[in-house]
Amino acid sequence: MVAIEAERAAPRVFMKPSVLKPAAPSIYLGSAYGRFLEPDHLKSVIQMLRHPVTFAPAWNDADLPRARSKTATHFLTETDCDVHISIDADIVFDPQSVLQIAAQAHELGGMVAGLYVTRAAGALCRPTSIFEADYPIEFGTDPTPVPIKWAATGFLATPRAVFERLAEDLPLCHRSETWKFFPFYQEYWVRSERDPEDWIWLSEDYALSDRARKAGFQVYLNPAVRILHLGQYGFRL
């Protein structure tokens, strides 16, 4: 009885709402892997698995849009994770960058990508994501996501709400199979904005971004994330 009275008399401390931090989103690491993984990429993955994430990549599917769609569908239908993360097998990354873009995607309700460039030299070396023509981006230390047009999926966070909405308009293919999937990443063509008489082909990553934008979601880039895109070179005398 004395202990109860003492507890009642003790001052109560309440944390201010501004101090409370939102719970970290649950992460599903659903990369699409082929026959080869870069060793340095595996080192990044091993470091990532020290964090509480679900690691469930797709393996050995020669059709990349289908492979990516299978991981996204499993994420959507078989788990309750908050954010789907796609990281290609030739990307070297810092796990903290994954946690950051996952939290941003969860908070903003849109897709958030990290920057990496093409495996080329000179003028052909450029960002793999497509920016908005009238929206300048400063690459520095500020991680605030900025809107872009289409994101490359080599390092991309997509919140559950995006796939939930897109699934409403897509068929569930091979529904009797364990590897059934919604074709979220199915490629297609769109009219060129520069030339209305011309058409451009959207690869699987740009097609996902385009579908998401048409469904009312925003696509962002975190300009502070730095990622290595590994390539191979041939040498001879």
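Residues numbered from 1 in each chain as written. Predicted model: local features only at pLDDT ≥ 70, side-chain atom pairs only at ≥ 80, totals over all residues. Heavy atoms only, no water.

### What about helix α2 (residues 39-48)?
Part 1 of the argument: By the burial criterion, the buried members of α2 are H41, S44, V45 and M48. Projection of α2 onto a plane perpendicular to its axis shows the buried side chains occupying an angular sector of 100°, all on one side. Summarising the geometry of α2, the exposed residues directed more than 90 degrees from the buried face are K43 and I46.
Part 2 of the argument: Elements in contact with the buried residues of α2: β1 (27-29), β2 (32-33), β3 (53-55), β5 (83-87), β6 (91-92) and α4 (95-108). (Buried < 20%, exposed > 50% of the residue type's maximum accessible area, 1.4 Å probe, protein only. Helix = DSSP H or I, 4+ residues; strand = E, 2+ residues; numbered from the N terminus. Arc of directions from axis to C-beta. Contact = heavy atoms within 4.5 Å.)

### Considerations on the packing of helix α5 (residues 160-167) against helix α6 (residues 204-214)
Helices that pack against each other are described as a pair by the angle of their axes relative to one another and the distance between those axes.
Part 1 of the argument: Where α5 contacts α6, the axes come no closer than 10 Å and their chain directions differ by 80°. By the angle between their directions, the pair α5 and α6 is classed as roughly perpendicular. For the pair α5 and α6, the contacting residues are V162, F163 and L166 in the first and L208, R211 and A212 in the second. (Axes fitted to C-alpha atoms, helices over the stretch in contact; angles between N-to-C directions. Parallel < 35°, antiparallel > 145°, perpendicular 65-115°, else oblique.)

### Section: the sheet that holds strand β9 (residues 155-159)
Part 1 of the argument: What the 7 strands build is an open sheet, ordered β3-β1-β5-β9-β7-β12-β8; its pairing is mixed. Edge positions in the sheet fall to β3 and β8 (146-147), since each of these pairs with one other strand and no more.
Part 2 of the argument: Where β1 and β5 come together, 3 bridges link them in parallel fashion. Looking at the pairing, I27 lines up with V83 of β5.
Part 3 of the argument: The strands that helix α3 (residues 64-78) touches are β1, β5 and β9; relative to β5, the one it contacts most, it runs at about 160°. (Pairing = 2+ DSSP bridges.)

### Focus on the pairing of strand β10 (residues 188-191)
Part 1 of the argument: Only one face of β10 is buried: it carries Y188 and V190, and the other face, with W189 and R191, is open.
Part 2 of the argument: The sheet contact formed by β10 and strand β11 (residues 199-202) spans 4 bridges and is antiparallel. Across the sheet, the residue bridging to V190 is I200, located in β11.

### Side note on unusual backbone geometry
Part 1 of the argument: Even without glycine at this site, N60 takes up a positive phi of about 50°.
Part 2 of the argument: By the secondary structure assignment, N60 is in the loop between β4 (58-59) and α3.
Part 3 of the argument: In this structure, H174 takes a positive phi of about 55° despite not being glycine.
Part 4 of the argument: Tracing the backbone shows H174 in the loop between α5 and β10.

### Details of the confidence of the model for the protein chain
Part 1 of the argument: Confidence along the protein chain averages 88 in pLDDT terms, with 88% of residues attaining 70 or more.
Part 2 of the argument: Per-element confidence in the protein chain ranges from a low mean pLDDT of 48 for helix α1 (residues 2-9) to a high of 98 for α5.
Part 3 of the argument: Every residue in residues 10-19 is under pLDDT 50, and counting partners more than four places away or in other chains gives 1 contact. (pLDDT = per-residue confidence, 0-100.)

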